[in-house]
Amino acid sequence: MNKKSGKHDKQGDAKAGDVKKMAAAKKKAPRKVEASGPNLWTRFRTYLREVVYELRKVVWPSRKETIGSTSVVLVIVILCGLFLGFVDLILSRFVRFLIG
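## Some thoughts on the overall build of the protein
And then number 1: Assigned secondary structure in the protein consists of 3 helices and 0 strands.
And then number 2: In the protein, buried positions account for 0% of the 100 residues.
And then number 3: Here the protein displays about 10,500 Å² of accessible surface, and carbon together with sulfur accounts for 66% of that area.

As C-alpha cells, then:
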C-alpha cells in the first residue's frame, strides 16, 4: 500500500509475496528416521569392540603410583578439612560475640 495515495502498490504486494515464499522455503521438513543403517545390536557390538580396543592402549598406573597419588589426595583433603573447620570455629565465635 502506498502511504501517500492510499492505493495498493503492485510492486509492494509482489515483494510481500516474495518474502512469504522465501520464508516458507526456509522452513525445513522434519527428517524421517531411516532404518537402512545397521540395527541397534550391531551398533552396540561395534561400540563394545571399539571400547576394548581403546582400553588396550591405556597405560595403567602401577600399584605404587596409585597408592602415592591416593595418599597425596587424602592428605590434601584432611588439611583442607582442618583449615575450614578452624575458620568455621573462629567465625562462629565472632558471630556469637557480635550477637551477644
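## A closer look at a nonpolar patch on the surface
And then number 1: The grouping of Phe 94, Val 95, Phe 97, Leu 98 and Ile 99 at the surface amounts to a nonpolar patch, some 600 Å² of accessible area in total.
And then number 2: The residue Phe 97 is located in helix α3 (residues 63–99) in this model.

## Quick notes on the packing of aromatic side chains
And then number 1: Taken as a whole and judged by the stated rule, the model has 1 aromatic pair.
And then number 2: Centroid distance Trp 41 to Phe 44: 6.0 Å. Interplanar angle 35°. Geometry classified as tilted. Here Trp 41 and its partner Phe 44 are both found in helix α2 (residues 40–57), 3 residues apart, which amounts to about one turn of the helix.
And then number 3: A residue is classified by how much of its surface remains accessible, and Trp 41, at 54% relative accessible area, is exposed.

## Looking at the pattern of salt bridges
And then number 1: The final tally for this structure, using the stated rule, is 1 salt bridge.
And then number 2: With a closest N to O distance of 3.4 Å, Lys 57 and Glu 54 form a salt bridge. A residue pair is termed a helical-turn pair when its members lie 3 or 4 positions apart in one helix, as Lys 57 and Glu 54 do in helix α2 at 3 residues.
And then number 3: Residue Glu 54 is classed as partly exposed on the basis of its relative accessible area of 42%.

## Quick word on the confidence of the model for the protein
When pLDDT is low, close inspection of the predicted coordinates is not appropriate.
And then number 1: In the predicted model, the protein carries a mean pLDDT of 81, and the fraction of residues at 70 or more is 63%.
And then number 2: Within the protein, the lowest mean pLDDT, 59, falls on helix α1 (residues 10–26), and the highest, 97, falls on α3.

Criteria and cut-off values
Residues numbered from 1 in each chain as written. Predicted model: local features only at pLDDT ≥ 70, side-chain atom pairs only at ≥ 80, totals over all residues. Heavy atoms only, no water. Helix = DSSP H or I, 4+ residues; strand = E, 2+ residues; numbered from the N terminus. Buried < 20%, exposed > 50% of the residue type's maximum accessible area, 1.4 Å probe, protein only. Areas by Shrake-Rupley, 256 points an atom, 1.4 Å probe, with all protein chains shown as cover. Patch = residues over 30% accessible without salt bridge, like charges linked within 9 Å, V, L, I, M, F, W, Y side chains within 5 Å. Salt bridge = Lys/Arg side-chain N within 4 Å of Asp/Glu carboxyl O. Phe/Tyr/Trp six-rings, centres within 6.5 Å; stacked < 30°, edge-to-face > 60°. pLDDT = per-residue confidence, 0-100.

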